[in-house]
Amino acid sequence: MMELVVTKLAGSLAKELAGPARRKLTDLALGERDSRALEDVCRGALWRAVYEMEDDGVGRAELEHTLGLLERLVADVAPADIPSLITTESPDAPTLARWRRHARELGLDPETFPVPFDTVVARTLRLIPEELTRVAGRPDNPLFGQVVLARLEQLGANLAAVSMHDGLSRLVPLSAGLREVLSHPYEACRASGRAFVTPDLLLALASTEPVGSCLAAASPGLDARLVAQLREYLTTTDTGPFQPFDWDERADVLRARQLAWAAQVPAVTGLFMLRGVLDTPSNTRRQLAAWLGPVFDRLCDLARTRSRATATPSGTPGLIFPGPGGALD
């Protein structure tokens, strides 16, 4: 019975994970072999979750019932409303809260699950990217790798909000260069008494080399056009009085930190900050998407690939232990 429940839930999760995201990352689609591989990943993650919870003392009957309810939740919700494993929503709408909301809409009470609802969902979300990381880079399956790896960092950023309540991602600092870039418009707004708004942040980013090059690659001349549009807006629009704030208070900064945490980089750079702005709901983002049309999706994809390409995962610098022949005291 457990085998059937796990298989059904793995199929539902794999279908959702392979489905269309907020935007089309590519025109690629998973073939039959790749879809089976993705189901195997989800099945492996679910079995790991089962074994972990059994180690915690949870019985098989309770686990079967809980996973059956979870499968109903994933399978019965309309595709547009499904609590996505991949989220680009504001951090103000954390994934666990959305899963609980959809469960209640289906008549399921998360508080009465045989196994704590949040535990099952958070553990599943943690284990799926671990399994994806293990198999997605296989040289014999390039399409599977392209599709899944394109989504894996987004899922990692989601986990920063879900399982850590943003605790670890909040520890990722803004790089010294980014802080300097952002400090100029902040101080200018304070000196003039004008409110600092998202166009100020976007203008500062667009004026830097990595972000400007990314804009130009999305559409020739976009860097100059965007800078001109933002400057015109800021010089002709009353944004209200200046209000002091800490960068930690901004949702786009938090999003950039989540993305940097997911990429395992030591600090948020300009390209990660651009992704934070592009990923966070705001009037600026909405108007930018409408103005750019299809170019907006291209810009989002370029920002993602370039931030990952230039990122250096954090680790212990330098040699700690001697090589062969060395001695330890």
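Notes on the structure follow. (Residues numbered from 1 in each chain as written. Predicted model: local features only at pLDDT ≥ 70, side-chain atom pairs only at ≥ 80, totals over all residues. Heavy atoms only, no water.)

1. A look at the pattern of salt bridges
- Summed over all chains, the structure comprises six salt bridges.
- When the shortest N-O distance is used, the salt bridge between Arg257 and Asp248 registers 2.1 Å.
- On the basis of relative accessibility, which here comes to 6%, the residue Arg257 falls in the buried class.
- Using a relative accessible area of 38% as the deciding quantity, one classes Asp248 as partly exposed.
- In this structure, the salt-bridge partner of Arg250 is Asp252, at a minimum N-O distance of 2.7 Å. (Salt bridge = Lys/Arg side-chain N within 4 Å of Asp/Glu carboxyl O. Buried < 20%, exposed > 50% of the residue type's maximum accessible area, 1.4 Å probe, protein only.)

2. Structural notes on helix 9 (residues 209-218)
- The complete set of buried residues in helix 9 reads Val211, Gly212, Cys214, Leu215 and Ala218. The buried residues of helix 9 occupy an angular sector of 160 degrees when the element is viewed end-on, so they sit on one face. (Helix = DSSP H or I, 4+ residues; strand = E, 2+ residues; numbered from the N terminus. Arc of directions from axis to C-beta.)

3. Digging into the nonpolar core
- Within the largest apolar cluster, 47 residues are counted, with the highest numbers of intra-cluster contacts made by Trp247, Val268, Met273 and Leu274.
- Elements with a contribution of two residues or more to this core: helix 7 (176-192), helix 8 (198-206), helix 9, helix 10 (222-236), helix 11 (251-262), helix 12 (270-279), helix 13 (283-292) and helix 14 (294-310).
- When neighbours within four sequence positions are excluded, Leu274 is seen to be in contact with Leu202, Leu205, Val211, Cys214, Leu299 and Ala303.
- Among the nonpolar cores identified, the runner-up in size contains 28 residues, and Val5, Leu46, Met53 and Leu69 belong to it. (Core = buried A, V, L, I, M, F, W, Y, C linked by side-chain atoms within 4.5 Å. Contact = heavy atoms within 4.5 Å.)

4. Let's talk about the packing of aromatic side chains
- Overall, the coordinates contain seven aromatic pairs when judged by the stated rule.
- Ring centres 5.4 Å apart and planes at 75 degrees place the aromatic pair Tyr186 and Phe242 in the edge-to-face group. In this pair, Tyr186 is assigned in helix 7 and Phe242 in the loop between helix 10 and helix 11, connecting sequence segments 56 residues apart. A single burial state applies to Tyr186 and to Phe242, both of which are buried.
- Ring plane angle 50 degrees and centroid distance 6.0 Å describe the contact between Tyr186 and Trp247, whose orientation is recorded as tilted. One end of the pair, Tyr186, is in helix 7; the other, Trp247, is in the loop between helix 10 and helix 11, and 61 residues separate them in sequence. Of the two residues, Tyr186 and Trp247, both sit in the buried class. (Phe/Tyr/Trp six-rings, centres within 6.5 Å; stacked < 30°, edge-to-face > 60°.)

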